[in-house]
Amino acid sequence: MSAQTLARPRPASTAIRWSRRAAGALAFAALIELVSRTGLVDPQFLPPATEILARAAALTADPEFLAHALTSLIAWAAGLGLAVVIAVPLGLLLGSVPIVDAATRSVVEFLRPIPSVALIPLVSLLIGTGTQVRITLAVYASLWPILYNTMYGLRLVDPLAKESLRSYGFGPLAMLRRVSFPSSAPFITTGIRLAAAVALILVVSTEIVAGRGEGIGVFMFYAGIAVPARMTDILAAVLWVGLFGVLVNAVLVAAERRAFRWHHARMGETP
Amino acid sequence: MLEIDNLSHVYGGGGPNAHHAIEALNLSVAEGELLCIVGPSGCGKSTLLRSIAGLITPTGGQVKVEGQVVRQTPDNLAVVFQDYSRSLFPWMSVADNVALPLRRKNMDKRQRREAAHEALESVGLSGAGRKYPFQLSGGMQQRVAIARALAYRPTLMLMDEPFGSVDAQTREDLEDLVLKVRSHHQMTIVLITHDIDESVYVGDRVVILSKAPAHVVGDLKVDLPAPRDQITTREHPDFVHLRAEVGRLVRGHATV
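Worth saying up front: this structure is predicted, and the values here are computed from it rather than measured.

What to know about the overall build of chain B
Reasoning step 1: Along the backbone of chain B there are nine helices and ten strands.
Reasoning step 2: Rg of the C-alpha trace for chain B: 18 Å, near the compact-globule value of 18 Å for 256 residues, within the 12% margin.
Reasoning step 3: Dimensions of chain B, computed from the C-alpha atoms along their principal axes, are close to 50 × 45 × 30 Å.
Reasoning step 4: Sorting the 256 residues of chain B into buried and exposed places 55% on the buried side.
Reasoning step 5: Of all intrachain contacts in chain B linking residues separated by at least 6 positions in sequence, the fraction that spans at least 24 positions is 70%.
Reasoning step 6: Only carbon and sulfur atoms are counted for the fraction: they give 46% of the accessible area of chain B, which is about 11,300 Å².
Reasoning step 7: Chain B carries 28 positive and 30 negative side-chain charges, and their two centres are separated by 7 Å.

Quick look at the domain arrangement of chain B
Residues and elements named next belong to chain B.
Reasoning step 1: If you check the domain split of chain B, you get domain 1 (2-76 + 154-254) and domain 2 (86-153).
Reasoning step 2: With centres defined by C-alpha atoms, the gap from domain 1 to domain 2 works out at 25 Å.
Reasoning step 3: Residue-level contacts link 17 residues of domain 1 with 13 residues of domain 2.
Reasoning step 4: Taking both partners together, domain 1 and domain 2 bury about 1,200 Å²; carbon and sulfur atoms supply 67% of that area.
Reasoning step 5: Together, Pro-154, Leu-177 and His-185 form the three largest contributors to the area buried by domain 1 at its contact with domain 2, with a combined 37%.
Reasoning step 6: In this structure, the connection of domain 1 to domain 2 is made through one salt bridge.
Reasoning step 7: Its salt-bridge partner being Arg-104, residue Asp-75 comes within 3.9 Å of it at the nearest N-O pair.
Reasoning step 8: For the pair domain 1 and domain 2, the number of links is two residue pairs in polar contact (both at pLDDT 80 or more).
Reasoning step 9: Top element by residues in the side of domain 1 that touches domain 2 is helix α6 (residues 168-184). It accounts for six residues.
Reasoning step 10: The residue makeup of the side of domain 1 that touches domain 2, split by class, is ten nonpolar, four polar and three charged.

Things to note about the packing of helix α9 (residues 172-210) of chain A against helix α11 (residues 231-259) of chain A
Residues and elements named next belong to chain A.
Reasoning step 1: Orientation of α9 relative to α11, taken along the N-to-C sense of each, is 170°, at an axis distance of 10 Å. Considering their axes alone, α9 and α11 lie roughly antiparallel with respect to each other. From α9, Thr-189, Thr-190, Arg-193, Ala-196, Leu-200 and Val-204 reach across to α11, where they touch Val-241, Phe-244, Gly-245, Val-248, Asn-249, Leu-252, Val-253 and Glu-256.
Reasoning step 2: Per-class residue counts for the contact of α9 with α11 are eight nonpolar, four polar and two charged.

Some remarks on the sheet that holds strand β1 (residues 2-11) of chain B
Residues and elements named next belong to chain B.
Reasoning step 1: Judged by pairing direction, the sheet is antiparallel, and its four strands sit side by side in the order β2-β1-β4-β5 without closing on themselves. At either end of the open sheet lies a strand with only one pairing partner, and these are β2 (19-29) and β5 (68-69).
Reasoning step 2: Relative to strand β4 (residues 60-65), β1 runs antiparallel, the two sharing five bridges. Residue Asp-5 lies in a different strand from β4, and its bridge partner there is Gln-62.
Reasoning step 3: Where helix α1 (residues 45-52) meets the sheet, its contacts fall on β1, β2 and β4, and the angle it forms with β1 comes to roughly 120°.

Considering the nonpolar core
Grouped burial of nonpolar side chains is what soluble globular proteins tend to show.
Reasoning step 1: Membership of the largest hydrophobic core comes to 111 residues, with the highest contact counts inside it found for Ile146(B), Met159(B) and Val246(B).
Reasoning step 2: It is helix α7 (residues 131-155) of chain A that contributes the most residues to this core, 13 residues altogether.
Reasoning step 3: Two domains each donate at least three residues to this core, and these are domain 1 (2-76 + 154-254) and domain 2 (86-153) of chain B.
Reasoning step 4: Not counting residues within four places of it along the chain, the set of residues in contact with Val246(B) comprises Val38(B), Ile196(B), Ser199(B), Val200(B), Val206(B), Ile208(B) and Leu220(B).

Considering α1(B)
All names here are of chain B.
Reasoning step 1: Judged by how many residues are buried, α1 sits mostly within the fold: seven of eight residues are covered.
Reasoning step 2: For α1, the complete set of buried residues consists of Lys-45, Thr-47, Leu-48, Leu-49, Arg-50, Ser-51 and Ile-52.
Reasoning step 3: Downstream of α1 by one or two residues, Gly-54 has phi in the positive range, about 75°.

What to know about α11(A)
Residue and element names in this part refer to chain A.
Reasoning step 1: Helix length check: α11 (29 residues) gives 42 Å between terminal C-alpha atoms against 42 Å at 1.5 Å per residue, within 8%.
Reasoning step 2: For α11, the complete set of buried residues consists of Asp-233, Ile-234, Ala-236, Ala-237, Val-241, Val-248 and Glu-256.
Reasoning step 3: Residues of α11 that are buried sit in contact with α3 (49-59), α4 (63-96), α9, α10 (216-225) and α12 (261-266).

Examining the interface of chain A and chain B
Frequently, the measure chosen for interface size is the accessible area removed from exposure when the parts meet.
Reasoning step 1: Between chain A and chain B, the residue contacts involve 20 residues of the former and 24 residues of the latter.
Reasoning step 2: Taking both partners together, chain A and chain B bury about 2,200 Å²; carbon and sulfur atoms supply 63% of that area.
Reasoning step 3: Contact with chain B buries surface across chain A, with Leu160(A), Tyr168(A) and Trp262(A) losing the most and accounting together for 32% of the total.
Reasoning step 4: The tally of links between chain A and chain B comes to two salt bridges.
Reasoning step 5: Its salt-bridge partner being Asp158(A), residue Arg86(B) comes within 2.7 Å of it at the nearest N-O pair.
Reasoning step 6: Joining chain A to chain B, the criterion identifies eight residue pairs in polar contact (both at pLDDT 80 or more).
Reasoning step 7: Among the elements of the structure, α8 (159-167), α9 and α12 of chain A are those that each provide at least two residues to the side of chain A that touches chain B.
Reasoning step 8: Considering each element in turn, the side of chain A that touches chain B owes the most residues, eight residues, to α8(A).
Reasoning step 9: For the side of chain A that touches chain B, the residue count by class is ten nonpolar, four polar and six charged.

Re the sheet that holds strand β3 (residues 34-38) of chain B
Residue and element names in this part refer to chain B.
Reasoning step 1: Within the open sheet, the six strands sit side by side as β6-β7-β8-β3-β9-β10. Their pairing is mixed. Single-partner strands in this sheet number two, and they are β6 (77-80) and β10 (216-221). On average, each strand axis in the sheet is inclined to that of its neighbour by 15°, with strand direction left out of account.
Reasoning step 2: Contacting β6 and β7 (156-160), helix α5 (residues 138-151) runs over the sheet at an angle of about 175° to β6.

Quick look at the side chain of Asp160(B)
All names here are of chain B.
Reasoning step 1: Locating Asp-160 in the fold gives a position in strand β7.
Reasoning step 2: With a relative accessible area of 7%, Asp-160 lands in the buried category.
Reasoning step 3: What Asp-160 contacts, discounting residues up to four positions off in sequence, is Ser-46, Leu-49, Arg-50, Val-80, Phe-81, Gln-82 and Ile-192.

Parameters at a glance
- Residues numbered from 1 in each chain as written.
- Chains lettered and ligands numbered in written order.
- Predicted model: local features only at pLDDT ≥ 70, side-chain atom pairs only at ≥ 80, totals over all residues.
- Heavy atoms only, no water.
- Helix = DSSP H or I, 4+ residues; strand = E, 2+ residues; numbered from the N terminus.
- Rg over C-alpha atoms; globule rule 2.2 N^0.38 Å.
- Buried < 20%, exposed > 50% of the residue type's maximum accessible area, 1.4 Å probe, protein only.
- Contact = heavy atoms within 4.5 Å.
- Areas by Shrake-Rupley, 256 points an atom, 1.4 Å probe, with all protein chains shown as cover.
- Lys, Arg positive; Asp, Glu negative; His and termini not counted.
- Charge placed at Lys NZ, Arg CZ, Asp CG, Glu CD.
- Domains from an automatic or database assignment.
- Buried area = accessible area lost by both parts, 1.4 Å probe.
- Salt bridge = Lys/Arg side-chain N within 4 Å of Asp/Glu carboxyl O.
- Polar contact = N/O pair within 3.5 Å; in protein donor to acceptor, adjacent residues only side chain to side chain.
- Nonpolar A, V, L, I, M, F, W, Y, C, P; charged D, E, K, R; others polar.
- Axes fitted to C-alpha atoms, helices over the stretch in contact; angles between N-to-C directions.
- Parallel < 35°, antiparallel > 145°, perpendicular 65-115°, else oblique.
- Pairing = 2+ DSSP bridges.
- Core = buried A, V, L, I, M, F, W, Y, C linked by side-chain atoms within 4.5 Å.
- Expected span 1.5 Å × (residues − 1).

Right, here's the structure in full:
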């Protein structure tokens, strides 16, 4: 067998991967530019990409927009933070005490499939339209990925690792702290990363539906009801929300890879 | 040191699928002895070890360590498992792995770190403390597991087929390591193995178990000249004779 047949394609370097992604985004922007400029799609509905980008850049100097964005950012951070604080301990409890899991399972299985966006009118009726609604819904929706990943991580804790610690006379609480929690930490972090996106969706959706106060969704709402609708404003705001989501995800992925090298080594991935 | 009295263990209750792992097993181990337990695969060796370590509660009989009936894991006991890659904690550095059990002792952070360093040195891994288990070879990982047990300064060390997952050369090195640490530390060692040669080479005494339900079918004193050596000990007439004897006892009860 020659060395040639054994050689596997080398994974692309970070620079190459990013330039490929940039090329994809650029091609997409060019397509929007094209269909808009040629009139294939009414520019009223889809302004050219260059106009959207110019508006997005201009918004960074618009104090009103920045205030909207900051309000949303705070609601997102508060929602995600609360979800972590609630869901991680809850997941550890449900994952390590089978009787609590069994007792709560039917409620959990009932609540989980309800689309959180569908709850926006209900929760708004109950507690008004302010920041508390956005936070409540963001917490509710982002609980699930964290909760489920925590419980899943606990199920995968190696029984022999637990037994090793037990053989040195450690009790159940030490087991949770020294083995179960660190062993499931990579899964919990993945849950938090998924939850970060969910919280963002819920905050912006709630703002759009509620249509009052401050927030990037409120900004979009008003741009939408204006006559004529300010499509460039809406799409520029969408661009910022999307970029924020991508950035948060990239940061968390990098943090995961760095902190859980042992986990990736074990799963047979190249770190 | 260790007294096993009429020990029995049945898995799966009294139902039709019940598995009798151990039945009426009696054994006593003297202070400072290195006892090897050999038996056919699946004979209940690991069940025996888990009963001694207090990791399971046997369904009958009792185990006494230093005169105390074992109800939970005895103090001053350490276990080295076969599967080092699973028994070490992958999220901790090697030094932290070794130091962790010392939290059960009255030691501050500095003392724990020093004890871990010393234990790693005694297994020939003084430079590896900052590495993570996945960065080490299998044999080195098992050395870490042994260092973790040694740092704990147990009076009784249990080893469950500790060299079953390493290559032959590493295996011999680790056997000699056990003999070395044993002569340095005053401790009793119970080593479970399915390797007949290993049991005779390492042990002061070899106990042979029957197939499940396990009970003692042979108990041989190994009177080989010290220090043992991988080449000369293994060609010693007494070694050859003993391994044949152990082999006959294992096989005699391994075939149906």
